[in-house]
Amino acid sequence: MNQQKAITVYGASSEQIDPAYKEAAFNLGREIARAGLALVCGGGKAGLMKAAIDGATELGGHTIGVLPQFMIDNNWQHPRLSEMIATPDMHTRKQTMANRSIAAIACPGGCGTFEELTEIITWRQLNLYRGQVVILNTLGYYDPLLRMLDRAIDQGFMRADHRRLYFVASTPEEAVEMALQPVDPALFSQKIH
């Protein structure tokens, strides 16, 4: 089967957030669909996952939700997904999302999103994931995390070239553009961890 190229989107499931975050996620979904790519995400029916799915769906984009079976049993999935993949657990969910994508974009979120973002950066560092990783820094949300990553480099916990493992975007349009940048093969021809 010839799978459509896809971008994974991480993001909050919370509804108690500034509408500007939802608008950016909605526009991200639209931009992914406009680029002719599928959107892969956690498939939830709330928060930024919902907004991104709605944005992609509005333009006729293909949306793939990857949910552990317990979430499906609780009816947490978005009702308009083009495709839904059930997994036995959260670890398989994240691996499936990564396997289905050519790039990953992290919208703002909480602990789950932080974990997904730092894990995909780590996988990239270890040559386990070769797509681009983009942090969508809506309203400067990720500024504290970016300062923490800089501190880790300053303190010797990361190398300076680890900054090459991810991009930082201000807008959904910029995020998709960065996600589609050709990957530098030299990044994976040397050990950078």
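Per chain, the residues get numbers from 1 upward, laid out in the order the sequence is written. Restriction of local features to residues with pLDDT of at least 70 applies here, the model being predicted, together with a cutoff of 80 or more for giving and counting side-chain atom pairs; totals for whole chains, interfaces and linings are based on all residues. In computing side-chain values, all of the structure's heavy atoms are included and hydrogens and water are not.

Caption draft 1: Main features of empty space enclosed by the protein. Using only the protein atoms, space was sampled on a 1 Å grid; points where a 1.4 Å probe fits but cannot get out form cavities, open sets with protein on both sides within 12 Å along at least five of seven lines form pockets, and lining residues are those with an atom within 4 Å of a point. Grid points are joined across faces, edges and corners, and a volume is the space filled by probe spheres set on the points. In total, this model carries one cavity of 30 Å³ or more according to the counting rule given. In this structure, the largest cavity encloses a volume near 30 Å³. Along the walls of the largest cavity sit Tyr10, Lys94, Glu116, Glu119, Ile120 and Trp123, which together make up its complete lining. If one sorts the elements of the lining of the largest cavity by residue count, helix α5 (residues 111–125) sits on top with four residues. Polar here means any residue outside two lists: the nonpolar Ala, Val, Leu, Ile, Met, Phe, Trp, Tyr, Cys and Pro, and the charged Asp, Glu, Lys and Arg; Gly therefore counts as polar. When grouped by side-chain class, the residues that make up the lining of the largest cavity number three nonpolar, no polar and three charged. Here a strand is any run of E in DSSP of at least two residues, a helix any run of H or I of at least four, and the numbering for each starts at the N terminus.

Caption draft 2: Summary view of the packing of helix α1 (residues 19–34) against helix α7 (residues 172–179). Running from N to C, α1 and α7 point in directions that differ by 40°, and their axes come no closer than 8 Å. In this view, α1 runs oblique relative to α7, as classed from their interaxial angle. Of the two possible hands of crossing, α1 and α7 adopt the one that is right-handed. Facing Ala24, Asn27, Leu28, Glu31 and Ile32 of α1, the residues of α7 in contact are Pro172, Glu173, Ala175 and Val176. Classifying every residue of the contact of α1 with α7 by side-chain character gives six nonpolar, one polar and two charged. Every angle, taken between N-to-C directions, lies between 0 and 180 degrees, and every axis is a line fitted to C-alpha atoms, over only the stretch in contact when it is a helix. Small angles under 35 degrees read as roughly parallel and large ones over 145 as roughly antiparallel, with 65 to 115 read as roughly perpendicular and the rest as oblique. The handedness criterion is simple: a crossing whose near helix is rotated anticlockwise from the far helix by less than a right angle is left-handed, and one whose near helix is rotated clockwise is right-handed. Here, two residues are considered to be in contact whenever any of their heavy atoms come within 4.5 Å of each other.

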